[in-house]
Amino acid sequence: MDGAAGPGEGPAHETLQTLSQRLRVQEEEMELVKAALAEALRLLRLHGSTTTLQGSGISAPTRNSITVPPGLPPTCSPSLVTRGTQTEEELEIVPSSGPPGLSNGPPALQGGSEEPSGTQSEGGCSSSSGAGSPGPPGILRPVQPLQRSDTPRRNSSSSSSPSERPRQKLSRKAASSANLLLRSGSTESRGNKDPLSSPGGPGSRRSNYNLEGISVKMFLRGRPITMYIPSGIRSLEELPSGPPPETLSLDWVYGYRGRDSRSNLFVLRSGEVVYFIACVVVLYRPGGGPGGPGGGGQRHYRGHTDCVRCLAVHPDGVRVASGQTAGVDKDGKPLQPVVHIWDSETLLKLQEIGLGAFERGVGALAFSAADQGAFLCVVDDSNEHMLSVWDCSRGVKLAEIKSTNDSVLAVGFSPRDSSCIVTSGKSHVHFWNWSGGTGAPGNGLLARKQGVFGKYKKPKFIPCFVFLPDGDILTGDSEGNILTWGRSVSDSKTPGRGGAKETYTIVAQAHAHEGSIFALCLRRDGTVLSGGGRDRRLVQWGPGLVALQEAEIPEHFGAVRAIAEGLGSELLVGTTKNALLRGDLAQGFSPVIQGHTDELWGLCTHPSQNRFLTCGHDRQLCLWDGEGHALAWSMDLKETGLCADFHPSGAVVVVGLNTGRWLVLDTETREIVSDVTDGNEQLSVVRYSPDGLYLAIGSHDNMIYIYSVSSCGTKSSRFGRCMGHSSFITHLDWSKDGNFIMSNSGDYEILYWDVAGGCKLLRNRYESRDREWATYTCVLGFHVYGVWPDGSDGTDINSLCRSHNERVVAVADDFCKVHLFQYPCARAKAPSRMYSGHGSHVTSVRFTHDDSYLVSLGGKDASIFQWRVLGAGSSGPAPATPSRTPSLSPASSLDV
């Protein structure tokens, strides 16, 4: 309104403008109606058949008499549209107008451009893309019914990217974001109640007029994602249903959790070495002689639902107790820590102890020895570090007491007297006297006596201790000292308890290591082994703490974390860099199990061998031999590696780093043959074309860099850039002819690129619906949209991989699970086979070149799982976990 207008002219002027605008809109609608009638009459004249609409007298074609224009599927049909209280049958001609768009809108047929993703739908989705034309002139399109709903519209926020949002569990995600919706041939409007508020005014219908059978639509964070159905699929009902016939069997686990855990390495009566990583307890059977190659085999106890934190072996050498941390399930509900007692020969769970009794996790545990392992002592990770004693056979708690507010690192029963329990940790050694009471649950008493250091310096930590045959105790501390605590019996009586009281005092001290002592081990011959942290020395001590022999662990393996005595003079040593070494003090040690030490993201499999390459936040690049279950080589990248891919020849491998650099290395010599930087943001995906002539680099700067590559893969030159994504690149795949790319981004776009034609964006995504892809790792696309769980916010699936035979697709999710779906997976909430074992979000999955194995990476747990793929009716090896234990066998989820 003009500022000079009179007091009464403003409202009148606005009313005139409103009436004028409505008049223009009505005129436009009349033009559309006239055009629709003209087109209907033209079709009638062409086909010579008419029918009269009920109650109107206007001649129009019937549903069956309409001829579908060339290039459209024959399933198009008129349908009802609801406007207020009126319902009528409409056919609409969509004019061609507006600039071309880029996004997830309807197909732009016969040369027309697509509608952008900026259209807001019933779900309240929005985008920043500009408006575009829904199709060419003269195309008759049906209007689908708009379902009225009283539920409030849930809008996505355009101010923050998915990577900036904190990852939460599914229930919280579902509560704060729109549910995943799947529609076939849906029609949407901008959803404005006031027609004048629409930028196009009344009658403007630029938002997704999709033909029946052309596309399906899903929503992530309220954002619509349209995927076009290939022309060969007449109906979604034709697609496979049910979980795939293929199954997975855990074949090998690479890695050992030594970086941040204790009580993690023991040798069983069978000679198997028992340790843990993620949610799996591994029983490893070494192969070869001491100091020789690894080989051997593995079995796995998989009864735990979250990360295992500690182990204890029963005096019989067969039964094992393993304690897990707390976690959350798929729906965000907290899981309770628990201790499992299980048989190492059958892998059957014998007893579940402490469900609901522990907080946060189980930090340490130990079997009694004087009474053949009748009792189990447990320390949890609560603030008070509750100390409890349990009857192993009945699973009943006999006594419980608050231990200390400081961390407790070790616990153990005296081998001579089960009433004596020792705990150690931050700045303390506690000696506990336990009286079993009458045997009733909870009737026992625990009394504490604190160790007094007196004239000796009180250390900051006491990580380990060991009982000597004469009853004395040795403790190793953070000052590098071994203290000898002598046992004495006092005649004083405690009121109300009677009997003599046993006490411990320091009788000797020996400086053993530079830095902390992480492990002490009593050998069968009565000597003691100590393992150092900073100096990485392994020292054997005789009576009176006289040093007899020592060895040093190589620096790249880390410090000594745990020591276990094997057969004969053989020793097994776990290190802080997640390696398991085997050997003796005289001949030295060699690795039998190795692993990463920090979060993993990069994974690729060799094009012709059962080998795969991994990289992650520990800056290590590792090539693994899947047949020999061993590390072929590793190297320090100096930077975080996030993605990798082999050249089709297998001669070189490209690795993308977090700084925008990417390296090409010779796989045999490990020589860096190329070092290039694109931008200054992290690289999320690198991928060679099937013929090896191009290399695509997906960056967090929203661009895909394309390089032409020499036949051997050692030389490359910049070919072009694919620019058009509005968020960082997450996944990409090449077409089988090596000319096109499909890519996903952080804001859930699906774009297609003509690389051979000059890195051009293909604005008409409908034309790419029948293109065949050499690999399928994009998490968004028609062939895989069924893998997404209901209520997803777009971060629940980290990685996806189709098998080379194109029969199954593997999925790595954010809830520690690996899924196996049939391919194509184009049904909402498709059923899958679900496998657990990882203790953190699964970051990547890849099939080996012949689909015999699937490799999966754990994130924070730094674990690598190699799964054997078993076909329907296959006579392959049975899973390591017996099917007699339902909780240990692979689960099949029909509602994911």
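Residues numbered from 1 in each chain as written. Predicted model: local features only at pLDDT ≥ 70, side-chain atom pairs only at ≥ 80, totals over all residues. Heavy atoms only, no water.

On to the overall build of the chain, then. The number of helices and strands found in the chain is two helices and 64 strands. Within the chain, the fraction of its 896 residues that count as buried is 56%. Sequence separation of at least 24 residues holds for 53% of the intrachain contacts in the chain that already meet a minimum separation of 6. Total accessible area on the chain is roughly 36200 Å²; 49% of this is exposed by carbon and sulfur atoms. (Helix = DSSP H or I, 4+ residues; strand = E, 2+ residues; numbered from the N terminus. Buried < 20%, exposed > 50% of the residue type's maximum accessible area, 1.4 Å probe, protein only. Contact = heavy atoms within 4.5 Å. Areas by Shrake-Rupley, 256 points an atom, 1.4 Å probe, with all protein chains shown as cover.)

The next thing to look at is the sheet that holds strand S25 (residues 408–413). Across the sheet, four strands lie side by side as S25-S26-S27-S28; this open sheet has antiparallel pairing. Edge positions in the open sheet fall to S25 and strand S28 (445–450), since each of these has one partner strand only. Across the sheet, the mean angle separating the axes of adjacent strands is 25° when strand polarity is ignored. When strand S27 (residues 428–435) meets S28, the two strands line up antiparallel, connected through six bridges. Looking at the pairing, His430 lines up with Gln450 of S28. (Pairing = 2+ DSSP bridges. Axes fitted to C-alpha atoms, helices over the stretch in contact; angles between N-to-C directions.)

This part takes up the UniProt feature "repeat: WD" (unreviewed entry) in the chain. Mapped onto the present numbering, the UniProt feature "repeat: WD" (unreviewed entry) falls on residues 593–625, 722–755 and 835–869. Segment residues 593–625 splits into 0% helix and 58% strand. End C-alpha atoms: 12 Å apart. This span, residues 722–755, is 0% helix and 56% strand, and a straight line between its end C-alpha atoms measures 8 Å. (UniProt positions renumbered as here; feature names shortened; annotations may be inferred.)

A few words now on the sheet that holds strand S15 (residues 308–313). Strand order in the open sheet made by the four strands is S15-S16-S19-S20, with antiparallel pairing throughout. Every other strand in the sheet has two partners, leaving S15 and strand S20 (349–353) as the edge strands with one partner each. Taking the axes of each pair of neighbouring strands and ignoring which way they run, one obtains an average angle of 20° across the sheet.

Attention shifts here to the nonpolar core. Leu265, Tyr275 and Leu854 are the most contacted members of the largest nonpolar core, which totals 42 residues. Among the elements that take part in this core, strand S10 (residues 247–254) stands out by supplying five residues, more than any other. Not counting residues within four places of it along the chain, the set of residues in contact with Leu265 comprises Tyr256, Val273, Val274, Tyr275, Ala562, Ala564, Leu572, Val573, Gly574 and Leu580. Leu239, Trp773, Cys778 and Val787 belong to the second-largest nonpolar core, a separate cluster that totals 32 residues. (Core = buried A, V, L, I, M, F, W, Y, C linked by side-chain atoms within 4.5 Å.)

Right, let's get into empty space enclosed by the protein. With a probe scaled to a water molecule rolled over the atoms, the places where space remains empty come into view. Inspection of the entire model under this criterion finds four cavities of 30 Å³ or more. Space inside the largest cavity adds up to approximately 120 Å³. What lines the largest cavity is a set of 16 residues, among which Tyr228, Tyr752, Arg769, Phe782 and His783 lie closest to the centre. Secondary-structure elements contributing two or more residues to the lining of the largest cavity are strand S9 (223–228) and strand S55 (750–754). Among the elements that make up the lining of the largest cavity, the one with the highest residue count is S9 (three residues). Taken together, the residues of the lining of the largest cavity break down into nine nonpolar, four polar and three charged. (1 Å grid on protein atoms, 1.4 Å probe; cavity = no way out; pocket = protein on both sides within 12 Å on 5 of 7 lines; lining within 4 Å. Points joined across faces, edges and corners; volume = space filled by probe spheres on them. Nonpolar A, V, L, I, M, F, W, Y, C, P; charged D, E, K, R; others polar.)

Note the cis peptide between Tyr823 and Pro824, where omega equals -5°. Looking at the element boundaries, Pro824 is found in the loop between strand S59 (818–822) and strand S60 (832–835). Not every positive phi belongs to a glycine, and Arg221 is a case in point at roughly 55°. Its location among the elements puts Arg221 in the loop between strand S8 (215–220) and S9. Notably, Ser427 is not glycine yet its phi reads approximately 55°, a positive angle. When you line up the elements, Ser427 lands in the loop between strand S26 (420–425) and S27. Residue Ser427 is classed as partly exposed on the basis of its relative accessible area of 21%.

Moving on, we come to the pairing of strand S51 (residues 703–709). Taking burial as the measure, the seven residues of S51 include six buried ones, the bulk of the element. For strand S50 (residues 694–699) and S51, the ladder comprises five bridges, and the chain directions are antiparallel. Each residue of the ladder has a partner; that of Ile697, found in S51, is Tyr705. Connecting the antiparallel pair S50 and S51 is a turn made up of three residues, with Asn702 showing a positive phi of about 75°. Joining the antiparallel neighbours S51 and strand S52 (residues 716–723) is a turn of six residues, in which Gly713 adopts a positive phi near 85°.

Following the criterion strictly, the structure yields 21 aromatic pairs and no others. Both rings, one in Phe465 and one in Phe467, keep their centres 5.8 Å apart while their planes meet at 85°; by these two values the pair is edge-to-face. For the residue pair Phe465 and Phe467, the accessibility class agrees, reading buried in each case. Connected via pairs of aromatic rings, a cluster forms that spans Phe431, Phe453, Trp485 and Tyr504. One residue, Arg561, lies across the ring of Phe518, its end atom 4.6 Å from the ring centre. (Phe/Tyr/Trp six-rings, centres within 6.5 Å; stacked < 30°, edge-to-face > 60°. Lys NZ or Arg CZ within 6 Å of the ring centre and 35° of its normal.)

A word on the state of the cysteines. The final tally for this structure, using the stated rule, is zero disulfides. Looking at the unpaired Cys307, the closest cysteine sulfur is the one in Cys279, lying at 4.8 Å. In this structure Cys307 comes out as buried when scored by relative accessible area, which is 9%. (Disulfide = S-S within 2.5 Å.)

Note on placement: Arg846 falls in strand S61 (residues 842–847). For the buried Arg846, no salt bridge is present, and the opposite-charge side chain at shortest range is Asp645, 6.6 Å distant. A polar contact of 3.3 Å, which involves the side chain of Arg846, links it to the side chain of Ser799. If we skip the residues at most four places from it in the chain, Arg846 touches Leu603, Thr605, Arg687, Thr777, Ser799, Leu800, Cys801, Tyr853, Leu854 and Val855. (Lys, Arg positive; Asp, Glu negative; His and termini not counted. Salt bridge = Lys/Arg side-chain N within 4 Å of Asp/Glu carboxyl O. Polar contact = N/O pair within 3.5 Å; in protein donor to acceptor, adjacent residues only side chain to side chain.)

With that settled, consider the pairing of strand S13 (residues 280–285). For S13, a buried count of five out of six residues is recorded, marking the element as mostly surrounded by other parts of the structure. The sheet contact formed by strand S12 (residues 273–277) and S13 spans five bridges and is antiparallel. The residue of S13 that forms the bridge with Val274 is Leu283. Remark: two residues form the turn of the hairpin made by S12 and S13, two consecutive strands paired antiparallel; Ala278 in that turn has positive phi of roughly 55°. Pairing geometry for S13 and strand S14 (residues 297–301), over five bridges, is antiparallel. Paired with Val281 across the two strands is Tyr301, which belongs to S14.

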